[in-house]
Amino acid sequence: MDSGDSADKGPKEDFQPSEHQHVRYNPLRDEWVLVSAHRMKRPWQGQLENPPSDHVPRNDPSNPLCPGAKRANGEVNPLYESTYLFENDFPALQADSPEPGTGVHPLLQARSARGICTVMCFHPWSDMTLPLMSLLEIRVVIDKWAEIMREQGGTYPWVQIFENKGAMMGCSNPHPHCQVWASNYLPNEAQIEDRTQKKYLLEHKVPMLVEYGTLEATQKDRLVVENEDWLVVVPYWAVWPFQTLLLPRRHVLRLQDLTHKERDSLASIMKRLLTKYDNLFEISFPYSMGWHGAPTGPHLEDDCSHWQLHAHYYPPLLRSATVRKFMVGYEMLAQAQRDLTPEQAAERLRGLTEEHYKLKQTGTDQQNLQ
Ligand code: H2U
Ligand code: ZN
């Protein structure tokens, strides 16, 4: 892969990443991103988003994710008091479907896609979000994630845990929840990361993201939060303005391999990161997040040492609660472009307090959020 300027080696004295546009390499996706931080100075006359509603009813009997509510398939949810999992009533992947048949032309290929889609509610209250939950409650979510990875990963090659938070990310329901889609194949992102990490280990004799974590822990200018077991960075190659990467310090293949101590410290670092996110624009910060780890099912038998467990956070907001980053025009047709440097984004996040603005403003505890 060539940035088109391979003769240009090492930083020049007059080069300022925050002033001078440049392209950066994303080794995980084997692609380049255009960084043009000076564009942050331009005035914004485009679309403004509606900031997320701060007033979500704690229990809404008409919300199908609430305890005791009726879902689309007619089932009534139990009066759950912690996490609650159910099979998605509108699944994108089902366990059985007929084979599409072999293609008649190499340009018209189809393959079978089978799987299972699960919805996981994090908490019985609709006005709760992960950063407002207690460490113990977040730990329960982490344990459930590990459990479902182990269960569904017993047979399925890929189990994708993801959370769409906020209407801006297409989330249809304010109730705190995530989704889990298990598939009988490796989806595109998994295939790309499998290929790039495999190649990196072969060439450099160290797993890519283990090496990257060590590098960032030393350099520190893209670090957002860290603890004994984890670090969160705005990756060098981040595309979304406040995108982050959550990495274990130890080489860990899968979520289910985390120790008790690492699960506790994960709960803590998630709470700290998500509190900073909410504090950035003093709103419930929208994002899509998800876990990536070594493939499962038949791959449990394979050497997957090129993989390092990690979570991606992709928030859409750019400069306020109402101005989002659009991935359109140049991004769709040429390559991704970002407006502030990852170092600037990390510095902003680092500087934010870890006391949640909602708790500070009202002086309330989490039992009384409204
Ligand atoms: P999202 O808002 O992240 O899409 O999650 C809500 C999910 O809940 C969505 O995938 C499912 C939707 O299909 N759902 C049910 O399975 N049953 C219902 O009664 C409503 C919503
Ligand atoms: Zn990944």
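Keep in mind the model is a prediction, meaning the values are calculated, not measured.

Reading the values: rules and limits
- Within any chain, residue numbers begin from 1 and follow the written order of that chain's sequence.
- Note on labels: chains are lettered from A, ligands numbered from 1, in written order.
- In view of the model being predicted, local features appear only for residues whose pLDDT reaches at least 70, and side-chain atom pairs are presented and counted only at 80 or more, with totals across whole chains, interfaces and linings using the full set of residues.
- Computation of side-chain values covers all heavy atoms of the structure but excludes hydrogens and water.
- We call an atom a donor if it is N, O or S and sits within 2.8 Å of the metal, or 3.2 Å for Na, K and Ca. Water is not counted, so some sites may look partial.
- If DSSP finds at least two bridges between two strands, the strands pair.
- In this description a helix means any DSSP run of H or I spanning at least four residues, a strand means any run of E spanning at least two, and both kinds are numbered starting from the N terminus.
- Only centres within 6.5 Å qualify two rings of Phe, Tyr or Trp (six-membered ring in Trp) as a pair; their planes then separate them into stacked at under 30 degrees, edge-to-face at over 60, and tilted for everything else.
- Buried, partly exposed and exposed residues are distinguished by accessible area as a fraction of the type maximum, computed with a 1.4 Å probe on protein chains only: under 20%, between the cut-offs, and over 50%, respectively.
- Either the NZ atom of lysine or the CZ atom of arginine qualifies as a charge over a ring when it sits within 6 Å of the ring centre and within 35 degrees of the ring normal.
- Lines are fitted to the C-alpha atoms to define the axes, a helix being fitted only along its stretch in contact, and any angle between axes, read from their N-to-C directions, falls within 0 to 180 degrees.
- By definition in this entry, angles of less than 35 degrees are roughly parallel, angles greater than 145 are roughly antiparallel, angles of 65 to 115 are roughly perpendicular, and the rest are oblique.
- Throughout, a residue-residue contact means that at least one pair of heavy atoms, one from each residue, lies within 4.5 Å.
- Polarity classes work like this: nonpolar for Ala, Val, Leu, Ile, Met, Phe, Trp, Tyr, Cys and Pro, charged for Asp, Glu, Lys and Arg, and polar for all others, with Gly in that last group.

*Asks:* How should the coordination of the zinc ion (ligand 2) be read in this particular structure?
*Replies:* For a metal with four tetrahedral donors the ideal donor-metal-donor angle is 109.5 degrees, whereas six octahedral donors ideally subtend 90 or 180 degrees. Distances from the zinc ion (ligand 2) to its protein donors, Glu-193 (OE), Glu-193 (OE), His-292 (ND1), His-310 (NE2) and His-312 (NE2), fall within 2.0 to 2.3 Å. When the donors of the zinc ion (ligand 2) are listed by position in the chain, the intervening gaps give E-x98-H-x17-H-x1-H.

*Asks:* Mind showing me how you'd approach the sheet that holds strand E1 (residues 22-26) here?
*Replies:* In sheet architecture, strand pairing relies on hydrogen bonds along the backbone and comes in two forms, parallel and antiparallel. What the three strands build is an open sheet, ordered E1-E2-E12; its pairing is mixed. Two strands in the sheet have a free side with no partner beyond their single neighbour: E1 and strand E12 (337-338). Of the pairings in the sheet, the one linking strand E2 (residues 31-35) to E12 comprises two bridges and is parallel in character. Its bridge partner lying in E12, Leu-34 is registered against Gln-337.

*Asks:* Sorry if this is basic, but what is going on with the packing of aromatic side chains here?
*Replies:* Within a pair of aromatic rings, the relevant descriptors are the distance that separates the centres and the angle that separates the planes. Counted by the stated rule, this structure contains 15 aromatic pairs. Between the aromatic rings of Tyr-84 and Phe-86, the centroid separation amounts to 5.7 Å while the plane-to-plane angle is 35°, which identifies the pairing as tilted. You can call Tyr-84 buried: its relative accessible area is 13%. An aromatic cluster is built from Phe-242, Tyr-277, Phe-281, Phe-285, Tyr-287 and Tyr-313, whose rings are joined through pairwise contacts. Across the ring face of Tyr-236, the terminal group of Arg-24 is positioned such that the distance to the ring centre comes to 4.3 Å. Sitting above the plane of the Phe-86 ring, Arg-71 keeps its charged end 3.9 Å from the centroid.

*Asks:* Looking at this model, I keep getting lost on the environment of Trp-307. Mind explaining?
*Replies:* On the secondary structure map, Trp-307 appears in the loop between strand E10 (287-292) and strand E11 (310-314). With relative accessibility at 0%, the residue Trp-307 sits in the buried group. Between the C-alpha atoms of Trp-307 and Met-208, which are 99 residues apart in sequence, the distance is 7.9 Å.

*Asks:* What exactly am I supposed to notice about the packing of helix H4 (residues 260-281) against helix H6 (residues 342-351) here?
*Replies:* Pairs of packed helices are described in terms of their axes, by the angle between the two and the distance that separates them. Interhelical geometry of H4 versus H6 gives an angle of 100° and a closest axis separation of 9 Å. When the interaxial angle is binned, H4 and H6 end up roughly perpendicular. On H6, the residues that touch Lys-276, Tyr-277, Leu-280 and Phe-281 of H4 are Arg-348, Leu-349, Arg-350 and Gly-351. Tallied by class, residues from the contact of H4 with H6 come to four nonpolar, one polar and three charged.

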